[in-house]
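Structural features, examined
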Amino acid sequence: MLLDTTKIVRMTSDSIAIRHLMWLGRGDNTLLLYTKRDYTTKRVGMLFDNPTFQTINEGFGFADYLLGGYFTPLESQIRYMATGIKERLEGRMPRQQVTECAKQYVLNWHVLQKYGIPLESIPVEYTVMYIPFSERYRYPILIGSILGAVFVLTVIVLLSFSLLRERRRKREALRNLLYEHETLCLAIEGNSTYAWRLEGDSVSCDSQFCELIHHRPGRLLLDEITPYIHPDDLPAFRKNIAARHERTHHKGQYRCNFTGEFQWWEFSYNTIHTPGHAPIIAGLLQNIQELKDHEQELIESRELAEQAELKQSFLNNMSHEIRTPLNAIVGFSDMLANEPEFSNEERQEFVDIINTNTKLLLKLVGDVLELSRIESGNLSFTFQRESVCRLLDDVYQTHSLLIRPPLQFLKDFPPEDVQVNVDPMRLTQVLTNFLNNANKFTKGGSIRLGYCCPSGMSEVHLYVEDTGIGIPHSEQKMIFERFYKRSEFSQGVGLGLSICVLIVEKMGGRIELQSEEGRGSRFTVVLPCIE
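An account of the accompanying structure is given in this report. (Residues numbered from 1 in each chain as written. Predicted model: local features only at pLDDT ≥ 70, side-chain atom pairs only at ≥ 80, totals over all residues. Heavy atoms only, no water.)

**Let's talk about the overall build of the protein**
On a plain count of helices and strands, the protein comes out with 14 helices and 18 strands. Within the protein, buried positions represent 32% of all 531 residues. Here the contacts in the protein between residues at least 6 apart in sequence split such that 54% fall between residues at least 24 apart. Here the protein displays about 35,500 Å² of accessible surface, and carbon together with sulfur accounts for 57% of that area. (Helix = DSSP H or I, 4+ residues; strand = E, 2+ residues; numbered from the N terminus. Buried < 20%, exposed > 50% of the residue type's maximum accessible area, 1.4 Å probe, protein only. Contact = heavy atoms within 4.5 Å. Areas by Shrake-Rupley, 256 points an atom, 1.4 Å probe, with all protein chains shown as cover.)

**Topic: the pattern of salt bridges**
This structure, assessed with the given rule, holds twelve salt bridges. A salt bridge links E465 to R448; the shortest N-O distance between them is 4.0 Å. Of this pair, E465 sits in strand β16 (residues 459-466) while R448 sits in strand β15 (residues 446-452), and the two are 17 residues apart along the sequence. With relative accessibility at 26%, the residue R448 sits in the partly exposed group. One continuous salt-bridge network, built from bridges that share partners, spans E386, R390 and D394. (Salt bridge = Lys/Arg side-chain N within 4 Å of Asp/Glu carboxyl O.)

**Some remarks on a positive patch on the surface**
Residues R165, R167, R168, K170 and R171 make up a contiguous surface patch of positive charge. Relative to the assigned elements, R168 resides in helix α6 (residues 138-188). Take R168: its relative accessible area is 47%, and that puts it in the partly exposed class. (Patch = residues over 30% accessible without salt bridge, like charges linked within 9 Å, V, L, I, M, F, W, Y side chains within 5 Å. Lys, Arg positive; Asp, Glu negative; His and termini not counted. Charge placed at Lys NZ, Arg CZ, Asp CG, Glu CD.)

**Focus: the sheet that holds strand β3 (residues 66-71)**
Spatially, five strands are ordered β1-β2-β3-β4-β5 in an open sheet, and the strand pairing comes out mixed. Only two strands of the sheet have a single neighbouring strand rather than two, namely β1 (32-34) and β5 (127-129). Strand-to-strand, the axes of this sheet are offset by a mean angle of 25°, without reference to chain direction. The sheet contact formed by β3 and strand β4 (residues 104-108) spans four bridges and is antiparallel. Bridge assignment links G68 to a residue of β4, and that residue is L107. (Pairing = 2+ DSSP bridges. Axes fitted to C-alpha atoms, helices over the stretch in contact; angles between N-to-C directions.)

**Quick look at the sheet that holds strand β8 (residues 219-221)**
Either a parallel or an antiparallel arrangement is found when strands of a sheet pair, and the pairing is made through backbone hydrogen bonds. Judged by pairing direction, the sheet is antiparallel, and its six strands sit side by side in the order β8-β7-β6-β11-β10-β9 without closing on themselves. Lying at the two open borders of the sheet, with one neighbouring strand each, are β8 and β9 (249-256). Taking the axes of each pair of neighbouring strands and ignoring which way they run, one obtains an average angle of 30° across the sheet. Where strand β6 (residues 193-199) meets strand β11 (residues 280-287), six bridges bridge the pair, whose relative direction is antiparallel.

**Focus: the nonpolar core**
In this structure, L392, L427, F434, V460, L462 and L527 are the most contacted members of the largest nonpolar core, which totals 40 residues. Those elements giving two or more residues to this core turn out to be α12 (388-399), β14 (419-422), α13 (424-441), β15, β16, α14 (496-506), β17 (510-516) and β18 (520-530). Take this core: its biggest share by element is six residues, from α13. Counting residues in hydrophobic clusters, the runner-up holds 22 residues, among them W196, I225, F237 and F267. (Core = buried A, V, L, I, M, F, W, Y, C linked by side-chain atoms within 4.5 Å.)

**Considering helix α3 (residues 74-89)**
Compared with an ideal rise of 1.5 Å per residue, which puts 16 residues at 22 Å, α3 spans 22 Å between its outermost C-alpha atoms and is within 8% of the ideal. Those residues of α3 lying buried are S76, G84 and E87. The buried residues of α3 all sit within an arc of 75° when viewed along its axis, so they share a single face. Exposed and facing more than 90 degrees away from the buried side of α3 are L74, M81, K86 and L89. The elements touched by buried residues of α3 are β4. One or two residues past the end of α3 sits G91, with phi positive at roughly 85°. (Expected span 1.5 Å × (residues − 1). Arc of directions from axis to C-beta.)

**Here we look at a negative patch on the surface**
Together, E290, D293, E297, E300 and E303 line one region of the surface with negative charge. Along the polypeptide, E303 turns up in helix α10 (residues 289-338).

**Overview of helix α9 (residues 234-242)**
Looking at α9, one finds that the buried residues are L234, F237 and N240. Projected down its long axis, α9 carries its buried residues within an arc of 130°, all on one side. Exposed and facing more than 90 degrees away from the buried side of α9 are P235, K239 and A242. The elements touched by buried residues of α9 are α8 (222-225), β9 and β10 (263-272).

Here it is in structure tokens:
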């Protein structure tokens, strides 16, 4: 049987022998309870091997290794004090002036760790204070650390993968760049193509181009390039150089004397804009003379083909136009020779038809010969100073007998006369053609011959105006083409107006047409006046 041997020794005086206190403090089951804290009791506590307890809050939490006790901690006192201060600041008075703070069982975590006392053995009514943050939230910190490590590891893996992918992309881009560089070098080599770069007013060219123009390697000023440009192309070159910053792409073709003779070269460039730097213009200079030669050969081949086609069309039209009057001449001649029973009136009618077609055939041959002579330059023109009023009056007098009623033949001559340098016979031929056409296609109304000077005395307009059937707008350009006739049954072969155009152009003028279908037409010869 164990006997209760608990002894309580109360120190009420400072006269206790130190040897006795040391004897009391060395026991394994001897404990010290503070009821007050002063210099003496603080030193006495150092003589005890076991933790010390207290019933006061003084010194709790300091490095005195006080395990704990039953009292109101300073933290709780501060909360009570803060609550009272809040009530007074809000204008409320506490129910009692003196508030007794509740006591509680309190232990110091650091002292528990010193003496190896596990937290599991502490009763639930005790409050363990001063537990470090890392100890209090050990598991959340551990889980957070693990998650953070996983996140950092994931970021490192992703960054490593991105870095590897970027390196792979850079290697691929570098390989493509090297391939394009080699391809460009192969394309430029031996192809009269040179790279250049324009910065400010100077041009950087590759060494091959500098060797071509016998210039030292390096930069060339724009003023050093302009002497190589053909004088006719120099204005366009300077205009494009002045507008180089207004467009990002451009191609210009100029004749340049880089090789001792003028050849066609093409300047092509792109403008490169980089933030914080002035624009850089980089491009290529390529000799395109061979391309121009091929282009000229194609143009000449096309013109030859067009001429061959025109000749074939001309021959086809001529064959048709000649065959028509010949068939009429041969047919009616056979009828007159082989059919004697025709009456005299019928025979005379056949003879008139033969004569008409003979005249038509002769006119066709004459028009073709005249057209050929004009185009070949063998038709001679006799230019002389001529009065427009006198020339038109002669034409009017001649045709006043040919244009019969119900048509009215009018003239419109202003009082002032003008002089022109023309071939009178050829100009009369043109006006006669206009009047004959007007007479042919005008059934009623009038035909007017006149002239005017709408733009002062620099030009004179000689016109033939009628109130005939007019010309549709879609046909107004076609009527000047060869063998064009509005009706296949009308007389003529369709060469008159095309001959008129050639004649007027030889005299330095032009032909204008104003017409409205159903209301008539106006053919005008515009000629320069002379003083």
